[in-house]
Amino acid sequence: MKLHLVDGTFELFRAFYSKAPKATNQDGLEVGAVQALMRSMLSLLDEDDCTHVGIAFDRVIESFRNDLFEGYKTGSGIDPELLGQFPLAEQAARSMGLVVWPMVRYEADDALATAATRFGPDGDGSASQVVLCSPDKDLAQCVRGDRVVLRDRIRKKELDEDGVREKFGVRPSAIPDYLALVGDAADGIPGIPRWGAKSTSQLLDAFGSIEAIPADPGAWGVKVRGAATLAENLAAHRNEALLYRTLATLVTDVPLPQESLEDLRWQGADREALSTFCSRIGYDRFLDRVPAFRTE
C-alpha cells in the first residue's frame, strides 16, 4: 500500500498566493487559504490509491537551523493574514481525520523525511511506495529508486531516482551537497560564488560529495568552465559549504509518535470536530463534499 506524505505548510502557502478566493469568518479572520487547503486534501483523498496519509506543518518558520546560520529563513516578512492561518490549518487537517505532525524545533520537511525513512525501504519497508507530495527540491534527497518518489501535485509530475538524476544531474544522496554549492534562496542558503547548477552537477556526479572534490582543478578529470575560479572559491569557502550542506540535510530521526503504517490509514473525517471547525471558518458547505466519516 502507498503512503502519501504531505507538506502542509507548502499547501497553505500555495493556497494563500494562488488565485483561490479570499474569505473571512464571522470574526473577520482571513480563512481562504485554509479552505483551499481543505479542498486540496479532499482532492488527494479522492485518488484511488490514496489510503494512508500523514501531513506535516511548520508551527513556526524558525527551526534549529536558525541557531546554526543567521541568514537562514525566518518568519520575517510573511503576511500576517497567512501567519494567522497556521494554527487553523493544523485544526483543519486533524478534523478531516488526517495524522498531523506539527513541527517547532524541526521543519515539516524533516518530519516527512523521517516518515519516508521509517516506512520506506531504508526502514521497515511496510509501504509499497512512499509519495512525498511537495515540489521542494530538499526532499529529492529522500528519493529511493521508485519506492520513495517526489510528486509535484500542481504540475502533475513525479520524480523517481532516475528523474532526480535527470533533473539535478546528481544522485539523491548528493542533493544536500548540490544545494550547499548552488544555494537555495527559499531557505536563505547563499551557496558558493560562481558555482552554478551545471558545474556543480558535473563535479558531484564525478566525485559524490564536497569533500571528495580535489582542491587542484587539474585533478578533476572533468571539463568545467571556469575551473580555476571554482576551485579557488571552494577553497576560500569550504567551511561555509559544509555548513550549508548541514542546513540542507534533512533530519531522518525526528521524534514523531510511534505510529504504525496502519495508524496512518485514513478512516474518514471526525464529523463533530469538522462540523464545529467548518462553522468557525464559515465553510459549512464543505461537509457535504466529505466522502466518509469515522464510525467509532
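Account for the overall build of the protein, with residues named and values stated.
Looking only at helices and strands, one finds twelve helices and six strands in the protein. Its C-alpha atoms give the protein a radius of gyration of 21 Å, near enough to 19 Å, the size a compact globule of 296 residues would have. Along the first, second and third principal axes, the C-alpha set of the protein runs to 70 × 40 × 30 Å. Split into buried and exposed, the 296 residues of the protein put 51% on the buried side. Here the analysis covers contacts within the protein between residues at least 6 apart in sequence; of these, 68% occur between residues at least 24 apart. Within the structure as shown, the protein displays about 13,700 Å² of accessible surface, and the carbon and sulfur contribution to it stands at 48%.

Give a detailed account of the packing of helix α8 (residues 175-182) against helix α9 (residues 197-207), specifying residues and quantitative values.
Look at α8 against α9: their axes get within 10 Å of each other, and the N-to-C directions meet at 145°. The chirality of how α8 crosses α9 is right-handed. Listed contacts from α9 to D177, Y178, L181 and V182 of α8 are A197, T200, S201 and L204. Looking at the contact of α8 with α9 residue by residue, the class counts come to five nonpolar, two polar and one charged.

Thresholds, definitions, all that
Within each chain, residues carry numbers counting from 1 in the order of the written sequence. Only residues with pLDDT of at least 70 get local features here, since the model is predicted, and only at 80 or more are side-chain atom pairs given and counted; chain-wide, interface and lining totals rely on the full set of residues. In computing side-chain properties, one takes all heavy atoms of the structure into account and sets aside hydrogens as well as water. We count a stretch as a helix when DSSP gives it H or I for four or more residues in a row; a strand needs E for two or more, and each element gets its number in order from the N terminus. Our radius of gyration looks at C-alpha atoms and nothing else; its globule reference is 2.2 Å times the residue count to the power 0.38. A simple rule labels every residue: compare its accessible area, found with a 1.4 Å probe on the protein chains alone, to the largest value its type can have, and call it buried under 20%, exposed over 50%, or partly exposed in between. Whether two residues are in contact is decided by their heavy atoms: any pair within 4.5 Å suffices. Only the protein chains shown count as cover for residues, and all accessible areas are computed by the Shrake-Rupley method using a 1.4 Å probe. Geometry is summarised by axes, namely lines fitted to C-alpha atoms with helices restricted to the contacting stretch, and by angles between N-to-C directions that run from 0 to 180 degrees. Crossing chirality is assigned from the near helix's rotation relative to the far helix, an anticlockwise turn below a right angle marking it left-handed and a clockwise turn marking it right-handed. Gly counts as polar in this scheme, as do all residues outside two lists: the nonpolar Ala, Val, Leu, Ile, Met, Phe, Trp, Tyr, Cys and Pro, and the charged Asp, Glu, Lys and Arg.

Purely geometric stuff here, so don't read any function into it on its own.
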